[in-house]
Amino acid sequence: MITNDKGCILLVEDSDDQARLIERWLQRCGFSVHIASDGALGLELARRGEFDLVIAGIDLPFYRGIEIVGWSKAEHPSRPVLLLTASSSLSESEQRAANMADAFFTKPLKRAPFCDAVLHLHTDALGRRSDAASLREFADAGVGAEAGRHSGVTHTLRVPVGYVISFCDASTARPPTW
Amino acid sequence: MWTLTELRVSVDPDIIDLVPAFLGARELDASAIEGHLSAGTYAPIVRIAHRMKGGGGSYGFPVISAIGLELERAAHSCDARRMADSLMRLRTYLASVKEALSAPPVQTAETK
C-alpha cells in the first residue's frame, strides 16, 4: 500500500509528461505532489510555506527556476530546493542558482538517484526543523536563547544541543562554550 | 532503419501506464515540428527538441533524447535539412516502437 504522508512537494515543471513521471516517482516514495505548470504559478506557490520541498525546472515560462530558487531560499531558507535542467551547459546566472539550490539534476533523470536525493534532502530538512524546535523549547525554558544565539540553529548542532540539555540546569543557565 | 539495440527499451513497470501518453505527445511534437519547419520558425523547434531531450531517457527511451539533442542543435544553427532528417528519424522510430508494442510479446529465456 502506498501512503503519501511523508510530506508535500511542489513540482514546477512545464512539460506535462515529465511532471506526470516525476509525480509518480515521488508518490511511490510516499510524498504528495502539487504540480505548477509555469514559473508564475510556481513562484507564487513557492513563496508560501506549506510545501516541504520544492523541485523546479530551470527553463520555465514566465519566471525561471532561478527566480524560484532565489525567492524560496530568501523566504524559507531551511526548505530544500532541487533544480532540474535539460541543458548541458549553464549560464553564469543559472550556475549561481544551481549553487544556491540543495541539489541539481540534469535530465534525462534516473529514478534511483533522483528519489534518493529527494528522500535525503527531506530527511535532512526534517532534522533541521527538529533541531530548531528543540532550541525553541529550550528558549521557552529560559536557557535556549543563548544556546540558539551560539548555535545559529543549523543542523550541525544536534550534538551541542543534546550536550546543553544534559548538563545545564535551567535555573542557572550558562551555555557551554563550543 | 533502427538496430535491435536502439529499439530495445527499458521501461519502469511503475510508469508503464504513462507511456502511451508520452509517445502520443511525441507524435504531436512531430506534427508541430513539421509545421514550424514549413513556416521557417525555428525557435519553437528548439523548445520542443529541448523537452524531448530531457524527457526521452527518463521514460526509458534514450533514442528520443538523442533525436531531441540532434534536433536542438540543428534548430540552433537554423539547419533546415538536418532538422528534416531528425524529424524523419523521430517518425520512423515512433512507428517502429508502436509496431513493436502492438506485436505479441516475444518469449525470452527469462520469461519462459
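As the structure is a prediction and not an experimental result, all values here were calculated from the model. (Residues numbered from 1 in each chain as written. Chains lettered and ligands numbered in written order. Predicted model: local features only at pLDDT ≥ 70, side-chain atom pairs only at ≥ 80, totals over all residues. Heavy atoms only, no water.)

1. Digging into the overall build of chain A
Next up, step 1: When you go through chain A residue by residue, the secondary structure sums to seven helices and five strands.
Next up, step 2: Considering chain A as a whole, with its 178 residues, one finds that 46% of them fall into the buried category.
Next up, step 3: A separation threshold of at least 6 residues defines the contact pool for chain A, and within that pool the share at least 24 residues apart is 63%. (Helix = DSSP H or I, 4+ residues; strand = E, 2+ residues; numbered from the N terminus. Buried < 20%, exposed > 50% of the residue type's maximum accessible area, 1.4 Å probe, protein only. Contact = heavy atoms within 4.5 Å.)

2. A look at helix α4 (residues 92-100) of chain A
Residues and elements named next belong to chain A.
Next up, step 1: All buried positions along α4 are accounted for by Glu94, Ala97 and Ala98. Down the axis of α4, the buried set is contained in an arc of 100 degrees. They therefore lie on one face. Facing away from the buried surface of α4 by more than 90 degrees, the exposed residues are Glu92, Arg96 and Asn99.
Next up, step 2: Those residues of α4 hidden inside the fold are in contact with α3 (65-75), β4 (81-85) and β5 (103-106). (Arc of directions from axis to C-beta.)

3. Details of the packing of aromatic side chains
Residue and element names in this part refer to chain A.
Next up, step 1: One pass over the full model with this rule turns up four aromatic pairs over all chains.
Next up, step 2: Ring centres of Trp25 and Phe114 lie 6.0 Å apart, and the angle between their planes is 50 degrees; on these two criteria the pair is classed as tilted. Of the two residues, Trp25 sits in helix α1 (residues 16-28) while Phe114 sits in helix α5 (residues 111-140), which places them 89 residues apart along the sequence.
Next up, step 3: Among the residues examined, Trp25 registers a relative accessible area of 2% and is labelled buried.
Next up, step 4: The interplanar angle of 80 degrees and the centroid separation of 5.6 Å between the aromatic rings of Phe105 and Phe114 together place this pair among those described as edge-to-face. With respect to burial, Phe105 and Phe114 carry one shared label: buried.
Next up, step 5: These aromatic residues form a ring-pair network of at least three members: Trp25, Phe105 and Phe114. (Phe/Tyr/Trp six-rings, centres within 6.5 Å; stacked < 30°, edge-to-face > 60°.)

4. Here's the deal with the interface of chain A and chain B
Next up, step 1: Opposite the 16 residues of chain A that make contact, chain B presents 17 residues.
Next up, step 2: Here chain A and chain B share an interface that buries about 1,400 Å² over both sides, 46% of which is from carbon and sulfur atoms.
Next up, step 3: Among the salt bridges present, the one from Arg111 of chain A reaches Asp12 of chain B, with a minimum N-O distance of 2.5 Å.
Next up, step 4: Among the elements that make up the side of chain A that touches chain B, the one with the highest residue count is α1 of chain A (seven residues).
Next up, step 5: Looking at the side of chain A that touches chain B residue by residue, the class counts come to five nonpolar, three polar and eight charged. (Buried area = accessible area lost by both parts, 1.4 Å probe. Salt bridge = Lys/Arg side-chain N within 4 Å of Asp/Glu carboxyl O. Nonpolar A, V, L, I, M, F, W, Y, C, P; charged D, E, K, R; others polar.)

5. Quick notes on the nonpolar core
Next up, step 1: Core analysis: the largest hydrophobic core is formed by 49 residues, its most contacted members being Leu26, Ile55, Leu82, Phe114 and Val118 of chain A together with Phe61 of chain B.
Next up, step 2: Judged by nonpolar contacts, the second largest core, of 18 residues, contains Leu43, Leu60, Leu83 and Ala97 of chain A. (Core = buried A, V, L, I, M, F, W, Y, C linked by side-chain atoms within 4.5 Å.)

6. Focus: the sheet that holds strand β2 (residues 31-36) of chain A
Residue and element names in this part refer to chain A.
Next up, step 1: Within the open sheet, the five strands sit side by side as β2-β1-β3-β4-β5. Their pairing is parallel. A single partner strand is all that each edge strand has here, and the edge strands are β2 and β5. The average angle at which neighbouring strand axes cross in this sheet is 20 degrees, direction not considered.
Next up, step 2: Against the sheet, α1 engages β1 (7-12), β2, β3 (53-57) and β4, with an angle of about 160 degrees to β2. (Pairing = 2+ DSSP bridges. Axes fitted to C-alpha atoms, helices over the stretch in contact; angles between N-to-C directions.)

7. Quick notes on the side chain of Thr85 of chain A
All names here are of chain A.
Next up, step 1: Among the structural elements, Thr85 can be located in strand β4.
Next up, step 2: For Thr85, a relative accessible area of 2% translates into the label buried.
Next up, step 3: In this structure Thr85 touches Ile58, Asp59, Leu90, Phe104, Phe105, Thr106 and Lys107, once residues within four positions along its chain are discounted.

8. Quick notes on the environment of Val97 of chain B
Next up, step 1: Assignment of secondary structure puts Val97 of chain B in helix α5 (residues 80-102).
Next up, step 2: Among the residues examined, Val97 of chain B registers a relative accessible area of 6% and is labelled buried.

9. With respect to the pattern of salt bridges
Residue and element names in this part refer to chain B.
Next up, step 1: Throughout the structure, instances matching the rule amount to 20 salt bridges over all chains.
Next up, step 2: Here Arg91 and Glu34 are joined by a salt bridge, their closest N and O atoms 3.2 Å apart. Remark: Glu34 occurs in helix α2 (residues 19-39) and Arg91 occurs in helix α5; sequence separation between them is 57 residues.
Next up, step 3: The class for Arg91 is partly exposed, based on a relative accessible area of 33%.

10. A closer look at the environment of Asp38 of chain A
Residue and element names in this part refer to chain A.
Next up, step 1: Position of Asp38 relative to the elements: it lies in the loop between β2 and α2 (39-46).
Next up, step 2: Between the C-alpha atoms of Asp38 and Ile55, which are 17 residues apart in sequence, the distance is 12 Å.
Next up, step 3: Excluding its chain neighbours within four sequence positions, the residues that come into contact with Asp38 are Val12, Pro61 and Phe62.
Next up, step 4: From its side chain, Asp38 meets the backbone nitrogen of Leu41 in a polar contact 2.9 Å long. (Polar contact = N/O pair within 3.5 Å; in protein donor to acceptor, adjacent residues only side chain to side chain.)

11. Side note on α5 of chain B
Next up, step 1: Taking 1.5 Å per residue, 23 residues should reach 33 Å; α5 of chain B reaches 33 Å between its end C-alpha atoms and fits that length.
Next up, step 2: Turning to α5 of chain B, its buried residues number three or more, namely Met83, Ser86, Leu87, Leu90, Tyr93, Leu94 and Val97 of chain B. (Expected span 1.5 Å × (residues − 1).)

Just geometry here; none of it tells us what the structure is for.
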